[in-house]
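# Structural overview for review
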Amino acid sequence: VTELIKAAVLTAVNKPLEIQEFPAPAPSTGGAVVTVAYAGICGTDIHLKSGNLPVPMPIVMGHEAVGTIAALDPALSTDINGAPLRVGDRVVWSNNIPCGRCHECLVLKERTLCKSRKIYGINRTSSDAPHLLGGMAGQIALEAGTAIIRIPDEVSFEEVIALGCAGPTALHGMLENLTIHPGDTVAVQGSGPVGLAAAIYAKQMGADQVILLGAPASRLELALEIGACDEVIDMGIYTDSAARLEKLRQMTAQERGADVVIECAGVPAAVAESLDLARPNGQVLVLGQYTDHGATPINPHYITKKQLKIFGSWGFAEAHYVKYVESLPQLRKRHDLGALLTVFALEDVNEAMDTVAAGQCTKAVLKP
Ligand SMILES: [Zn+2]
Ligand SMILES: [Zn+2]
């Protein structure tokens, strides 16, 4: 008798996800089967469901997950760092497999820009075997080429999934573009998971003062509580950009503005505001525009006049995920990452998605 594994499947745009059952997979050559402990729900999942980002359907959703190796192909004996891999090991994996052969992968050396990346839970349909290619399921089939990373002993599943894909996303943009010095002020726009991750890493990279601009107040309180930032600007109170700019100026040395601004809001208007918030010759990282929400008026004069340095960054690749996991033993000592989680049963996936869409929790995760 083949064991059946439950999975949350998107069958059509704007339809509730269905719980379907698939036969338990066997590991493919060079691959592994992982029993999922937690699967995260990310803002991107809300966009996938609403059709803002087209995906092949039906699809087992979930591009962030952690779990335990259930079965291992003999051809796979170590994780991406060369550590031995065995059944029962706790692991996490980079959710995407760049092709490694194209212009973007080999010439630009920007694996995040690979056009033929395979992404678990985003462009892998469940129509064909092994079906289970997303995290929102009892098990996931990881194929050869997946960067599997053993979770350090002292780090819990909860601590790995707390920042979800936001952790490596923030690290990618920050490590490869920004220079943060001791004494710097970093302003982060947006208090969702990417904003929290950016704030946490700004501190880790040496910033003295991290100011988080966001809403609702409950989320900002949580951010302060776990030490993700030093100060907040509540957008529920400072409702217009002029008021926020004035407030931020007052908070910074000589009212200069922020040395570094990291846009994690996902709202086009936030990019225009980031140019104001940055000090002359400051750095701006645009990290939040994951879906195309359209154009926004900006005044390019400020870019020239202030000699701003502006960067963009898209997703993450294996190296960023490895860095993310390496950062967790330190992060967990400084921040109660587990406090960010709200746990739902796999069967309650639609309720969990609605909660995320309404911004009513910081990080929703499913426990299959
Ligand atoms: Zn995501
Ligand atoms: Zn490629």
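See above for the structure.
What you see is a predicted model, and the numbers here were worked out from it, not measured in a lab.

### Side note on the environment of I80
- Tracing the sequence through the fold places I80 in the loop between β5 (65–72) and β6 (90–93).
- Along the chain, I80 and I148 lie 68 residues apart, while their C-alpha atoms are 5.7 Å from each other.
- Setting aside anything within four residues of it in sequence, one finds I80 in contact with A147, I148, I149 and V322.

### Here we look at the coordination of the zinc ion (ligand 2)
- Bound to the zinc ion (ligand 2) are the protein donor atoms C99 (SG), C102 (SG), C105 (SG) and C114 (SG), situated 2.3 to 2.4 Å from the metal.
- Considering all 4 donor atoms around the zinc ion (ligand 2), the spread of angles at the metal, 104 to 119 degrees, places the coordination shape in the tetrahedral class.
- Sequence spacing of the donor residues for the zinc ion (ligand 2), all on one chain, is C-x2-C-x2-C-x8-C. In this pair, C102 is assigned in the loop between β7 (96–97) and α2 (103–106) and C114 in the loop between α2 and β8 (118–119), connecting sequence segments 12 residues apart. Each member of the pair C102 and C114 is classed as buried.

### Here we look at unusual backbone geometry
- Look at the link from M57 to P58: it is a cis peptide, with omega at 0 degrees.
- Locating P58 in the fold gives a position in the loop between α1 (43–50) and β4 (59–60).
- Of the consecutive residues A129 and P130, the connecting peptide bond is found in the cis state with omega at 5 degrees.
- Turning to its location among the elements, P130 is positioned in the loop between β8 and β9 (139–142).
- With a phi close to 50 degrees, Q307 is a non-glycine residue in the positive phi region.

### What about the coordination of the zinc ion (ligand 1)?
- Of the protein atoms, only C42 (SG), H63 (NE2) and C165 (SG) coordinate the zinc ion (ligand 1), at distances of 2.0 to 2.2 Å.
- All donors of the zinc ion (ligand 1) belong to a single chain; written as a sequence motif, their spacing is C-x20-H-x101-C. In this pair, C42 is assigned in the loop between β3 (32–40) and α1 and C165 in the loop between α3 (157–161) and α4 (166–177), connecting sequence segments 123 residues apart. Across the pair, C165 and C42 agree in class, each one buried.

### Let's talk about the nonpolar core
- By size, the foremost hydrophobic cluster in this structure holds 54 residues, and its most contacted members are V66, M174, V188, I262 and Y324.
- Ignoring any residue separated from it by four or fewer positions in sequence, one finds V66 in contact with T35, V36, A37, Y38, V91, V92, W93, I151, F157, V160 and I161.
- By size, the runner-up hydrophobic cluster in this structure holds 37 residues, among which are I41, I59, I140 and L346.

### Quick word on the packing of helix α5 (residues 193–204) against helix α10 (residues 318–334)
- Between α5 and α10, the least distance of the axes is 12 Å, while the angle of their chain directions is 85 degrees. Comparing the axis directions of α5 and α10 gives the class roughly perpendicular. Only Y324, S327, Q330, L331 and R334 of α10 make contact with α5, whose side of the interface consists of I200, Y201 and Q204.
- When the residues that make up the contact of α5 with α10 are grouped by side-chain class, the tally is 4 nonpolar, 3 polar and 1 charged.

### Overview of helix α6 (residues 217–225)
- All of the buried residues along α6 are R219, L220, L222 and A223. Each buried residue of α6 sits inside an arc of 160 degrees when the element is viewed along its axis, so together they form one side. Exposed residues lying more than 90 degrees from the buried face of α6 are E221 and E225.
- On its buried side, α6 packs onto α5, β12 (209–214) and β13 (231–234).

### Observations concerning the sheet that holds β12
- Taken in spatial order, the 6 strands make up an open sheet running β13-β12-β11-β14-β15-β16, and their pairing is parallel. Pairing within the sheet leaves two strands with one partner each, and these edge strands are β13 and β16 (309–312). Sheet twist, expressed as the average angle between the axes of neighbouring strands with direction ignored, equals 15 degrees.
- Contacting β12 and β13, α6 runs over the sheet at an angle of about 175 degrees to β13.

### Description of the packing of aromatic side chains
- Considering all chains together, one arrives at 3 aromatic pairs under this definition.
- Judged by centre distance (5.5 Å) and plane angle (80 degrees), the ring pair of Y321 and Y324 falls under edge-to-face. Of this pair, Y321 and Y324 both sit in helix α10, 3 residues apart, roughly one helical turn. There is no split in this pair, since Y321 and Y324 are both buried.
- One aromatic cluster is present, built from ring pairs that chain together F316, Y321 and Y324.
- Against the face of F157 rests R90, its NZ or CZ located 5.2 Å from the ring centre.

So, how was this worked out
Residues numbered from 1 in each chain as written. Chains lettered and ligands numbered in written order. Predicted model: local features only at pLDDT ≥ 70, side-chain atom pairs only at ≥ 80, totals over all residues. Heavy atoms only, no water. Helix = DSSP H or I, 4+ residues; strand = E, 2+ residues; numbered from the N terminus. Contact = heavy atoms within 4.5 Å. Donors = N, O, S within 2.8 Å, 3.2 Å for Na, K, Ca; no water. Tetrahedral: all angles 85-135°; square planar, octahedral: opposite > 155°, others 65-115°. Buried < 20%, exposed > 50% of the residue type's maximum accessible area, 1.4 Å probe, protein only. Core = buried A, V, L, I, M, F, W, Y, C linked by side-chain atoms within 4.5 Å. Axes fitted to C-alpha atoms, helices over the stretch in contact; angles between N-to-C directions. Parallel < 35°, antiparallel > 145°, perpendicular 65-115°, else oblique. Nonpolar A, V, L, I, M, F, W, Y, C, P; charged D, E, K, R; others polar. Arc of directions from axis to C-beta. Pairing = 2+ DSSP bridges. Phe/Tyr/Trp six-rings, centres within 6.5 Å; stacked < 30°, edge-to-face > 60°. Lys NZ or Arg CZ within 6 Å of the ring centre and 35° of its normal.

Purely geometric numbers; function is a separate question.
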